[in-house]
Amino acid sequence: MSATTAKGFWESFSGPNLGYVMDLYEQYLEDPDSVEEEARKVFDQWGAPAVPESGETTQGQADISFQLPANPTIFSKMIAAVKLADNIRTFGHLAADINPLHKPEVHVRRIELNEFDLTEEDLKKVPASFICPDAPERVKNGLDAINYLKEVYTKKVAFEFDHIHELEEKHWLQRTVESGSFFRKLSKEKKIDILKRLINVEGFEKFIHRTFVGQKRFSIEGLDALVPLMEQMIIAAVKSGVKTVNIGMAHRGRLNVLAHILEKPYELIFAEFKHASNKDLIPSEGSIGITYGWTGDVKYHLGADRKGRNGSPISARIVLANNPSHLEVANPVVEGYTRAAQDNRNKAGYPEQDPYHSFAILVHGDAAFAGQGIVAETLNMSKLKGFGTGGTIHIIANNNIGFTTETYDSRSTRYASDPAKGYEVPIIHVNADDPEACVQAALFAYAYRERFHKDFVIDLVGYRRYGHNEMDEPMATNPMMYKLVHQHPTVKEIYGERLVKEGIVTSDDVKELDNAVQKKLQAAYDKVPNGEEEPDTAMEPPEIVKKGYLSVKTGVPEEELRELNTELLAWPENFHVFKKLARILKRREHVFDGQGKIDWAHAEALAFASILKDGVPIRFTGQDTQRGTFAQRNLVLHDEETGEEFIPHHHLSGVSASFAIYNSPLTEAGVVGFEYGYNVFSPDTLVIWEAQFGDFANMAQVMFDQFISSGRAKWGQKSGLVMLLPHGYEGQGPEHSSGRTERFLQLAAENNWTVANVSTAGQYFHILRRQAKWLTKEEIRPLVLMTPKSLLRHPLASVEPSVLANGKFHTVLEQPGLGKNADTVERIILCSGKVAVDLEEKMNSTEKTDWLHVLRVEQVYPFPEEEIKAVFSRFKNVKEIVWLQEEPKNMASWFYVEPYLRKLAPEGAEVKYIGRPRRSSPSEGDPVVHKKEQYRILSEAITRA
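Attention here is on the structure that accompanies the text. (Residues numbered from 1 in each chain as written. Predicted model: local features only at pLDDT ≥ 70, side-chain atom pairs only at ≥ 80, totals over all residues. Heavy atoms only, no water.)

### Observations regarding the overall build of the protein
Next, step 1: In terms of regular secondary structure, the protein is built from 34 helices and 27 strands.
Next, step 2: In terms of principal-axis extent, the alpha carbons of the protein reach across some 110 × 80 × 50 Å.
Next, step 3: For the protein, the exposed area adds up to about 38,600 Å²; of that, 49% sits on carbon and sulfur atoms. (Helix = DSSP H or I, 4+ residues; strand = E, 2+ residues; numbered from the N terminus. Areas by Shrake-Rupley, 256 points an atom, 1.4 Å probe, with all protein chains shown as cover.)

### Re the packing of helix H10 (residues 226–239) against helix H17 (residues 435–452)
Next, step 1: Where H10 meets H17, the closest approach of the two axes is 8 Å, and the angle between their N-to-C directions is 35°. For the element pair H10 and H17, the recorded crossing hand is right-handed. For the pair formed by H10 and H17, the contact residues are Pro228, Leu229, Gln232, Met233, Ala236 and Ala237 on the first element and Cys438, Val439, Ala442, Leu443 and Tyr446 on the second.
Next, step 2: Per-class residue counts for the contact of H10 with H17 are ten nonpolar, one polar and no charged. (Axes fitted to C-alpha atoms, helices over the stretch in contact; angles between N-to-C directions. Left-handed = near helix turned anticlockwise from the far one by under 90°. Contact = heavy atoms within 4.5 Å. Nonpolar A, V, L, I, M, F, W, Y, C, P; charged D, E, K, R; others polar.)

### Here's the deal with the packing of helix H32 (residues 865–872) against helix H33 (residues 894–904)
Next, step 1: The interhelical angle for the contact between H32 and H33, taken along N-to-C directions, is 40°, at an axis separation of 10 Å. In terms of axis orientation, H32 runs oblique to H33. Once H32 is placed against H33, the crossing between them reads as right-handed. In this structure, H32 contributes Glu865, Ile868, Lys869 and Phe872 to the contact, and H33 contributes Tyr900, Lys903 and Leu904.
Next, step 2: For the contact of H32 with H33, the residue count by class is four nonpolar, no polar and three charged. (Parallel < 35°, antiparallel > 145°, perpendicular 65-115°, else oblique.)

### Overview of the packing of aromatic side chains
Next, step 1: Tallied over the entire structure, the rule returns 38 aromatic pairs.
Next, step 2: Between the aromatic rings of Tyr448 and Phe452, the centroid separation amounts to 5.1 Å while the plane-to-plane angle is 45°, which identifies the pairing as tilted. Placement of both Tyr448 and Phe452 in helix H17 is noted, with a separation of four residues, approximately one turn of the helix.
Next, step 3: Looking at Tyr448, the relative accessible area reads 0%, which means it is buried.
Next, step 4: Residue Phe452 is classed as buried on the basis of its relative accessible area of 14%.
Next, step 5: Put simply, the rings of Tyr153, Phe159, Trp172, Phe183, Phe444, Tyr448, Phe452 and Phe456 touch in pairs and so form one group of aromatic residues.
Next, step 6: In this structure, Lys274 packs its charged tip against the face of Tyr525, placed 4.5 Å from the ring centre. (Phe/Tyr/Trp six-rings, centres within 6.5 Å; stacked < 30°, edge-to-face > 60°. Buried < 20%, exposed > 50% of the residue type's maximum accessible area, 1.4 Å probe, protein only. Lys NZ or Arg CZ within 6 Å of the ring centre and 35° of its normal.)

### What about the side chain of Glu436?
Next, step 1: Here Glu436 lies in helix H17.
Next, step 2: On the basis of relative accessible area, Glu436 is assigned to the buried category, the value being 7%.
Next, step 3: Within polar-contact distance, the side chain of Glu436 engages the side chain of Tyr495 at 2.8 Å.
Next, step 4: Within the local environment of Glu436, its side chain forms a polar contact with the side chain of Arg498, the two groups lying 2.9 Å apart.
Next, step 5: Those residues in contact with Glu436, other than ones at most four positions away along the chain, are Leu186, Lys191, Ile194, Tyr495, Arg498 and Leu499. (Polar contact = N/O pair within 3.5 Å; in protein donor to acceptor, adjacent residues only side chain to side chain.)

### Description of a negative patch on the surface
Next, step 1: There is a patch of like negative charges on the surface, built from Asp23, Glu26, Glu30, Asp31 and Asp33.
Next, step 2: Of note, Glu26 is situated in helix H2 (residues 15–30). (Patch = residues over 30% accessible without salt bridge, like charges linked within 9 Å, V, L, I, M, F, W, Y side chains within 5 Å. Salt bridge = Lys/Arg side-chain N within 4 Å of Asp/Glu carboxyl O. Lys, Arg positive; Asp, Glu negative; His and termini not counted. Charge placed at Lys NZ, Arg CZ, Asp CG, Glu CD.)

### Brief notes about the sheet that holds strand S26 (residues 880–888)
Next, step 1: What the five strands build is an open sheet, ordered S22-S24-S23-S26-S27; its pairing is mixed. Each of the sheet's edge strands pairs with one partner strand only, and the pair in question is strand S22 (812–814) and strand S27 (910–916). Adjacent strand axes in the sheet meet at a mean angle of 25°, parallel and antiparallel pairs treated alike.
Next, step 2: Alignment of strand S23 (residues 827–831) against strand S24 (residues 852–857), held across five bridges, turns out to be parallel. Paired with Leu830 across the strands is Leu855, a residue of S24.
Next, step 3: Sitting on the sheet, helix H31 (residues 834–844) touches S23, S24 and S26, and the angle it makes with S24 is about 155°.
Next, step 4: With respect to the sheet, H32 is in contact with S22, S23, S24 and S26, its orientation differing from that of S24 by roughly 170°. (Pairing = 2+ DSSP bridges.)

### Re the sheet that holds strand S14 (residues 618–622)
Next, step 1: One open sheet accounts for seven strands, arranged S17-S14-S18-S19-S21-S20-S25; its pairing is mixed. For this open sheet the edge positions go to strand S17 (659–663) and strand S25 (859–861), each flanked by a neighbour on one side alone. Strand-to-strand twist in this sheet, taken as the mean axis angle between neighbours without regard to direction, amounts to 20°.
Next, step 2: The pairing of S14 with S17 spans five bridges and is classified as parallel. If you follow Ile618 over to S17, its bridge partner there is Phe659.
Next, step 3: Across the sheet, helix H25 (residues 669–681) touches S14 and strand S18 (686–690), and the angle it forms with S18 is around 170°.

Here you go:
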């Protein structure tokens, strides 16, 4: 090959055309097999594309994304054909027929022949394999191939996967789409099954509409194909070996999914509409778990738990998570369910994850998917080591409207699905009026998940037949859309007519199926009694919840603690811990020989080790949790020479329970929801979430409000989740001081959780072990624990080993050295957490304290009323009961404890508050001001009035 010949050949390429060839050549250099055979031959023969000398011109096209040379050759025409084919793959969705209410907008400029200066005759000269190597046999040449690609990419299913970077995935997606392997014609039987399901779906909605006039149901109508789509996806998953399918969705279409996917009996659903007792309607075989607490929830928020029976096409456990009105907040909860079902926690080390064991389906609203940040938080977790679930199928139930808001007011993107592109998630858009395409999209999505263990989005494009709920009149706000909706036939009607034309069924067959469904619904309705005349308005919790504490032993024999301590410090011989850290940790070596005390992180490490020894798995996540925000924890050690990790808790002798500790992504709502879901699905696991600072927990407030505090009352859903919130006023400003104790106390009722603010490492050790002991008991509840910062290494917060061995958790601690002479005590100070240690330091430099006594209220809720009452009864001359706190008066515990203190105060004793005044901000921003204010508070506490 001469240089002159090669130069002459490449002179026919220039502009974007040449750029395209050069990109292709780079791909060829990296992997010759990754380019088409014809292109490979060109590069083999002519070598690298030559850059034209300045001054050469090209013939510009109307679409500047591509340009042909002034004198095109057969080779440049072939390259143009390849570029056209790629444009069809990339932009075909813009011309696809995916919206039931509108004919496709004509966005075909990038996929027309004349944009590339190509004729049909040009294309006939191009081999079909050069353009579409996976096309069926009927495709004979380049023209057939281009027409075939237009057919594939611009019908009622549209694809977006150009944003996928992994070549293997991209090639698989392209081959699968263009070979037609998932879009073959369905059998007659399968088509009849789909029709029957659509008749059930529509019939159910129409029956409710006319029977329960004006009641909200958030109907599925306009997206009826969602049910057969989900059903076929689940069947495919179960056939592949999946044992558990977890579903999350908001209220739109939820009742229909409950009825036809979860098989919740019609009678139960109708009983909820009639406000009637449903106890006698629960299936006797127990195949449906009913989620309902003592206060309950509205019917379109409730979930269900179906355990598939042998012989059923879905012989697996199907769980529909309870979901409040906050639409997408169930997403991370469902992911937590799914990871918990995948993890084997019965061995030491990290749990062994099996993504084939379970998978998640998340159904989103179109406005919510684009508009709510929790969606992005959940997508971001999908490929993280501690949070991935091996691929979630996301279905956007796309109404083309949010409440009354049109798409142009609700998102800045063309499609609702566009946020998923940033996470390289493949997307299918499918017309909800084509149920066969919907079913095929479902199978395609699951096959991708099964192969690559990654998320997939199905954008199910439909409409909403009624308003946001059935009491709304949408013509008032969205008249143009609803003129189209009112004229539009239902999907059952469209598909029924289609099957009649195909000769698969007759019109009489369809009517007969319709009538049978209505008879079945009427029979179910007739079984339901009328509403209760005197409903239960007390809504008392069960006795087991009301009785509160379960007494458990939490001490660990000192010899066992000594052995655990030795094992935690036994690093591999050739493992090089960072020298400064190694010195710090090695100080723990002789603590059981009387040298030093056990500080906070040391007590925690021993608590975790002893809990694992008891056979309880632990999962611990949070931002910087492996090291600890304040460099105090260091449960994951790193070799300073190789970066290799070593986790001592994975190497404890005689342990058969997993220990998982992960640094979490920088999100609170998503991770808290995930950990709550994980704990609900694995109630025998001690699941802990730690905020980087307690203040940051406010980003997860919706999880505390809607799930953790009230989930058991609404849905009967138990949780033992532990939340660690670093809290304490040390002059670090408004966002690094308060864990917002007041918010958790405001939500405290019916023994729904424990709120504690402990002041010593021993108390921390015992409350963690108490929580672990309670996990599988009916008395279990979440634990909200304010944890320290400055106390982590404080001598007064450290304890002797005997405290861990022989002690227990005390809801109230009396200050040692005070209150010995009961007759002289005039003021009893009650406080909680760090300020108690500050007060102890202050009193150590105070001469006369016999008139004072101090109680540390270590557990604020449930309030230890009896314990405090018993202490008060010993002191007959008390004049003042003082609540001391470092937080502003309108925050922390004062407003919660004040009524208790007034009730318990001895006769004649005044109840007083000492602390910061009411503030709108949690703390001062200036550390100097902080110190002065802290000094004032402590001085006032120990100064006689």
